[in-house]
Amino acid sequence: MIPEPTAAAASRSSQLNKPCQDEADASGAVNHSEEDSGNENRRKSARRRKRTHKSSENVMHKRAKASCSHARTARGSTEKQEQVEAVTLFEVITMGRSAMQAVIDDWIEAYMTDRDSSLLDLITFFIQCSGCKGVVTAEMCHSQEDSDVMSKMVEELDDDAGLQYKKFLAFPWILTVTWPIDADSVDYPLVQSGPYGRWFHSEFCDFVSVLVSQCQHSIIFDSYLMNSLISLLTELSNSYVRAFRHTFTLAAVKLLSALVSVALSLSVGIENSQKLLKVQKTKSMRQKSTQQLEKIQKKIKELQEKWTEVENMMDVIFKGVFLKRYRDVLPEIRSACMEELGLWMKLYSCAFLNDSYLKYIGWMMHDKIPDVRLKCMLGLQGLYGDPVLLPKLDLFTSRFKERLISMTLDKDNEVAVQTMKLLLIISKTSDDLLTPDDYRQLLQFVYSSQRPLACSAGELLYSRLLNAAAPESVTQAGMNEEEVNKQQKFSQLKALLQFYQESELHKHVVYLVDSLWDCAGALLKDWPTLTSALLQDSSADTQSFAQVEHEILVEILVASVRQASEGPVLAGRSGGKKVISIKEKKAQTDDSLKLTEHLLTVLPNLLSKFSGSSDIVASLLRIPQYFQPEAENTQAVSSLLAEMGTVLDFHSHHAVLEAAARTFLSLCGEETCWSSTAQAVRDTLVQSWVDQLKNLLEDSLKGDSLSADEEKMREILSMLKKLRAFHNCHDLSQWGLFDLLSPLLSMESGQGEAEVLLEVLQCLSFSLLWSLSTSGETLTSRDKAVAQRLRLRLFCERSHHCLFHSDPGVKHQAFLGVCDVLTAHSYQLQVWDPSSFGPLLYTPSPKLQRALLTFVCAHVFVDSDCDSQSRASESSQEDKLEDLHKRRNLLAAFCKMIVHRVLEMSMVAEVFMYYTKVKVSSSRTLRENALTLYC
């Protein structure tokens, strides 16, 4: 808090205010010193104990009239030594709303008895809330028009004394506040960080509201309290001191909000009285009472006078505070003004909801501070959400609609989200405000990287396109309710598929499903409807789906299964929940059980129907990876595994094989109920592939050449692809694939030899990696360790020859295979337990090391532009990025070998010699990889 003024400062203050002090002594002025009116709250204990104050301080007792009387007696008598337990207005903020109401009631009683002293207590309260503990001096002013008085209204600095002075008129008082010159650099209560600042802000606003609420039937209309209070707030809201300006602006706009409630209450009273007067006038002469009529008319007149007075108060605050502060340099002040303006227009639309006030929100939507723009959006949501208010917003909408739509691209995520929610409200309340082009632009946000924004756009998509009733022809066909409901969901799926196809973002189904999950979860989790749409006969149903739609629908089914099983966690999308609640976790488990029970029985039929499409089969094969392992249905699992085996016999596409291998890995897990069944089926499949490959190689591999016709070569490649895909996920060491496939590395060039070599190199590298990773379990003797090292040497020597192969794919795979195997071997040596057998040391030959370095220099550090021109006249941006990605992987693999000390450190010098020659524009990522050598 602000330090206490020095003695010299106090002397300087007393000299400057000496004339004021003389007049104050004659008129009963009160001095509030720093010791008496300090910011006691900053020193308050956790229990918020009441404090005992000096007998000279104005206090409000917690008790009613008797306590107040006793306190005044205690202040007037110096003989009594009894100290009265009391609480100031500033302290009441710490006590909650109920205590606040009681103390304010006591203050009102004290005000009716001694309004000057009580008003000074209120003034001191507001000054204390601004964090100021300076001296407050008051003197009486008998005329507002006195030119001498107005000339005294100053705000100046005294650098010698280190003090600031603010003298202003709060009629009938002239107040002088003196505080240290560095007050503006201190954190005042409203801007303090942490829970205290937020709590104080809330309690301070509540105090202003309660004060007006408790006074609205009494002293608010005495032409003294509100005039003085509004003068105080207006003067100090214009101060150049940030603490004063912020605190008193907030108090002023909150005071106007409270007066809006009073005006609404008076309007209701006037309306009710006018209705009562109308009833009285319609009575017959015998029933009509003249006295009653006069009484009602008098009441109406009084209420109208009060209403006019409140309107004048609001007008003075708006013109004196809001118009000067809504573009204040302090963003907190601008935010408070916009927040309260939105509230005024919603609650008191007859006075504030017009273009004269709406323009301020329109202007501040361009503010550079996100919180100000956010308050504008939140205020507009309340206005557009009320259909009664929409006619008054037509001009504003036509003027600022483009700005609203552009704010969905706001750099602040929360502003963009709230803007999208506002546009969603607009679309629900009015159909013609947004054009089809506007919707086309807004609906693309379902693919946004920010999940809250994407979910808001998904809700707009669902309400605009998907949440439609079934066509009349469907409802009139005599169907039962279940069939009608099914056709309605088919219509929704049709609309969703059409939107996805028109958006032309065919690799973002998972993002679309995630965006719709919160609002359209009932549709996306309706597994029977999704599968029945895929299984229906296209020739017998008019609502059937085309082949292209089947592919998209399968992607939606897989994405929905993943979402229900794992939750909304997507790569590249942020803003979602990081921790889910227990209730959400239970719902997720229930959904997983439901989808597992249903899809276990239906998935074989889907695989059988779409067995001819590799893309659809690859997608369907991913579904079992999300099954709940506790589900027990052995017969259904056996049927599914049998159908998967049939599909694998028919397909050798990379995506199908990879999905199948990962699915078998999931099904063979020890935690599943069907692991033994899945392992048996997997072993049977692998054994059949190995046997077929042996038979094919016995007939085709003769010496160092592979002689086979086109059909046999295709079968060999098919078996190699299947074994490579499964060896990537499963340990197939028991089938001896290394000894079976290693002779193929020395065969001569021939038809289809490059494709075979590529698959063989991957299989052998996987075999060695599995052998190294299980060394602690499999190497039980020295002979086995020696055999492992011999296989490692053989692979490195044969791969060394493949580095000079004519096919680029074979060369790249040979290089990556050697790097991965040598890096894994080095790691196993580091973590090896000396008490047991482990891998033996193997050092690559100098020729191999030099060949690896030469390969990196020739294929990584090259000019991409020249290289691309030599390969093709023009290349797309995607091809350039793919080429850059491959070169980055090659360099990363080489750098890892140096980091793990597989290669000599002298290799670094030649790498950095080429590093400085790489163009920054095209290969900056290559530099970043090279920097890892320093780690």
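Residues numbered from 1 in each chain as written. Predicted model: local features only at pLDDT ≥ 70, side-chain atom pairs only at ≥ 80, totals over all residues. Heavy atoms only, no water.

Caption draft 1: Summary view of the overall build of the protein. Of the regular secondary structure elements, the protein holds 40 helices and 7 strands. Looking at the protein as a whole, 50% of its 935 residues qualify as buried. Contacts spanning at least 24 positions in sequence make up 72% of the contacts within the protein whose residues lie at least 6 apart. For the protein, the accessible area works out to roughly 44900 Å², and carbon and sulfur atoms hold 50% of it. (Helix = DSSP H or I, 4+ residues; strand = E, 2+ residues; numbered from the N terminus. Buried < 20%, exposed > 50% of the residue type's maximum accessible area, 1.4 Å probe, protein only. Contact = heavy atoms within 4.5 Å. Areas by Shrake-Rupley, 256 points an atom, 1.4 Å probe, with all protein chains shown as cover.)

Caption draft 2: Region of interest: the pattern of salt bridges. Applying the stated criterion across every chain, the model contains 24 salt bridges. The partner of R245 in a salt bridge is D328, and the shortest N-O contact between them spans 2.8 Å. On the criterion of sequence distance, the pair formed by R245 in helix α9 (residues 242–281) and D328 in the loop between α10 (290–325) and α11 (331–347) is long-range, its members being 83 residues apart. Here the two residues R245 and D328 agree in accessibility, since each one is buried. In this structure, E710 and R714 form a salt bridge, with 3.9 Å as the shortest nitrogen-oxygen distance. Highlighted residues: E710 and R714, both in helix α30 (residues 710–729), separated by 4 residues, approximately one helical turn. Judged by relative accessible area, which is 58%, E710 ranks as exposed. When salt bridges that share partners are traced, they join R451, D514, D518 and R573 into one network. (Salt bridge = Lys/Arg side-chain N within 4 Å of Asp/Glu carboxyl O.)

Caption draft 3: Expanded view of the nonpolar core. If you look at the biggest cluster of nonpolar residues, it comprises 257 residues, and the most contacted ones within it are M338 and F894. The element that contributes the greatest number of residues to this core is α9, accounting for 16 residues. If we skip the residues at most four places from it in the chain, F894 touches F815, C819, L852, L853, V856, L903, M907 and V911. (Core = buried A, V, L, I, M, F, W, Y, C linked by side-chain atoms within 4.5 Å.)

Caption draft 4: How the structure looks around the layout of surface pockets. Considered as a void within the structure, the second largest pocket measures approximately 470 Å³ in volume. Around the second largest pocket, the lining is made up of 16 residues, and of these W517, D518, P568, I580 and E584 lie nearest the centre. If you list the elements that add at least two residues to the lining of the second largest pocket, you get α24 (547–566) and α25 (582–609). For the lining of the second largest pocket, the element with the highest residue contribution is α25, accounting for 4 residues. Classifying every residue of the lining of the second largest pocket gives 6 nonpolar, 3 polar and 7 charged. (1 Å grid on protein atoms, 1.4 Å probe; cavity = no way out; pocket = protein on both sides within 12 Å on 5 of 7 lines; lining within 4 Å. Points joined across faces, edges and corners; volume = space filled by probe spheres on them. Nonpolar A, V, L, I, M, F, W, Y, C, P; charged D, E, K, R; others polar.)

Caption draft 5: Structural detail: the packing of helix α20 (residues 481–503) against α24. Here α20 crosses α24 at 100°, and the two axes come no closer than 10 Å. Comparing the axis directions of α20 and α24 gives the class roughly perpendicular. Here L493, K494, L496, L497, Y500 and Q501 of α20 lie close against α24, whose contacting residues are V548, E549, I552, L553 and I556. In the contact of α20 with α24, the residues fall into 8 nonpolar, 1 polar and 2 charged. (Axes fitted to C-alpha atoms, helices over the stretch in contact; angles between N-to-C directions. Parallel < 35°, antiparallel > 145°, perpendicular 65-115°, else oblique.)

Caption draft 6: Spatial organisation of the packing of aromatic side chains. Counting across every chain of the model gives 29 aromatic pairs. Measuring from ring centre to ring centre gives 6.4 Å for Y111 and Y224, while their planes differ by 45°; the resulting arrangement is tilted. Taken together, the residues Y111 in helix α4 (residues 96–113) and Y224 in the loop between α7 (195–215) and α8 (225–237) connect sequence positions 113 residues apart. Neither Y111 nor Y224 differs from the other in exposure class; each is buried. Ring geometry for F396 against F400: centres 4.9 Å apart, planes inclined by 40°, an arrangement best described as tilted. (Phe/Tyr/Trp six-rings, centres within 6.5 Å; stacked < 30°, edge-to-face > 60°.)

Caption draft 7: Structural context of helix α5 (residues 115–129). Its 15 residues give α5 an end-to-end C-alpha distance of 21 Å, which sits within 8% of 21 Å, the value for a rise of 1.5 Å per residue. For α5, a buried count of 13 out of 15 residues is recorded, marking the element as mostly surrounded by other parts of the structure. Just downstream of α5, G131 is the residue with a positive phi angle, here 85°. (Expected span 1.5 Å × (residues − 1).)

Caption draft 8: Geometry of the environment of S705. Along the chain, the position of S705 falls in strand β7 (residues 705–706). A C-alpha to C-alpha distance of 4.8 Å links S705 and M747, two positions 42 residues apart in sequence.

Caption draft 9: Representation of unusual backbone geometry. Although it is not a glycine, S223 adopts a positive phi angle of roughly 60°. Looking at where S223 falls in the secondary structure, it is placed in the loop between α7 and α8. The backbone phi angle of R901 is positive, close to 60°, even though this residue is not glycine. Here R901 shows up in the loop between α38 (877–899) and α39 (907–915). We classify R901 as exposed; its relative accessible area is 76%.

Caption draft 10: Structural detail: the side chain of T663. Positionally, T663 belongs in helix α28 (residues 654–667). From its side chain, T663 meets the backbone oxygen of L621 in a polar contact 2.3 Å long. Those residues in contact with T663, other than ones at most four positions away along the chain, are L621, R622, P624, Q625 and M644. (Polar contact = N/O pair within 3.5 Å; in protein donor to acceptor, adjacent residues only side chain to side chain.)

Caption draft 11: Structural context of the confidence of the model for the protein. Across the protein, the average pLDDT comes to 80, with 77% of residues at or above 70. Between residues 1–85, whose pLDDT stays under 50, and residues either more than four places distant or in other chains, the model counts 141 contacts. For residues 472–476, every residue scores under 50 in pLDDT, and the model assigns this stretch 5 contacts once sequence neighbours within four places are set aside. (pLDDT = per-residue confidence, 0-100.)

Caption draft 12: Highlighting the packing of helix α17 (residues 436–443) against helix α18 (residues 451–466). Their axes nearest at 9 Å, the elements α17 and α18 cross at an angle of 140°. As the angle between them shows, α17 and α18 are arranged oblique. Counting all contacts with α17, which are made through Y439, L442 and L443, the residues of α18 involved are A457, L460, L461, R464 and L465. Broken down by class, the residue content of the contact of α17 with α18 amounts to 7 nonpolar, no polar and 1 charged.

Caption draft 13: Up close: the side chain of T596. Here T596 lies in helix α25. For T596, a relative accessible area of 0% translates into the label buried. Among the polar contacts made by the side chain of T596, one reaches the main-chain carbonyl oxygen of S592 at a distance of 2.6 Å.

Caption draft 14: Inspection of helix α23 (residues 527–535) at higher detail. Of all the positions in α23, only W527, T529, L530, T531, A533 and L534 are classed as buried. Where α23 is buried, its residues meet α20, α22 (521–524), α24 and α25.

Caption draft 15: Geometry of the environment of L606. Here L606 is to be found in helix α25. Taking relative accessible area as the criterion, L606 reaches 0% and is therefore assigned buried. A C-alpha to C-alpha distance of 7.8 Å links L606 and L620, two positions 14 residues apart in sequence. Among residues more than four places away in sequence, those in contact with L606 are T531, L534, L535, L557 and L620.

Caption draft 16: Broad picture of the environment of A642. By the element assignment, A642 lies in helix α27 (residues 634–650). Counting along the chain gives 39 residues from A642 to V681, while the straight-line C-alpha distance between them is 7.9 Å.

Caption draft 17: Expanded view of the state of the cysteines. All chains considered together, the criterion is met by 0 disulfides. Here C819 is not cross-linked by a disulfide; its sulfur's nearest cysteine counterpart is in C796, at 9.7 Å. A relative accessible area of 0% places C819 in the buried class. (Disulfide = S-S within 2.5 Å.)

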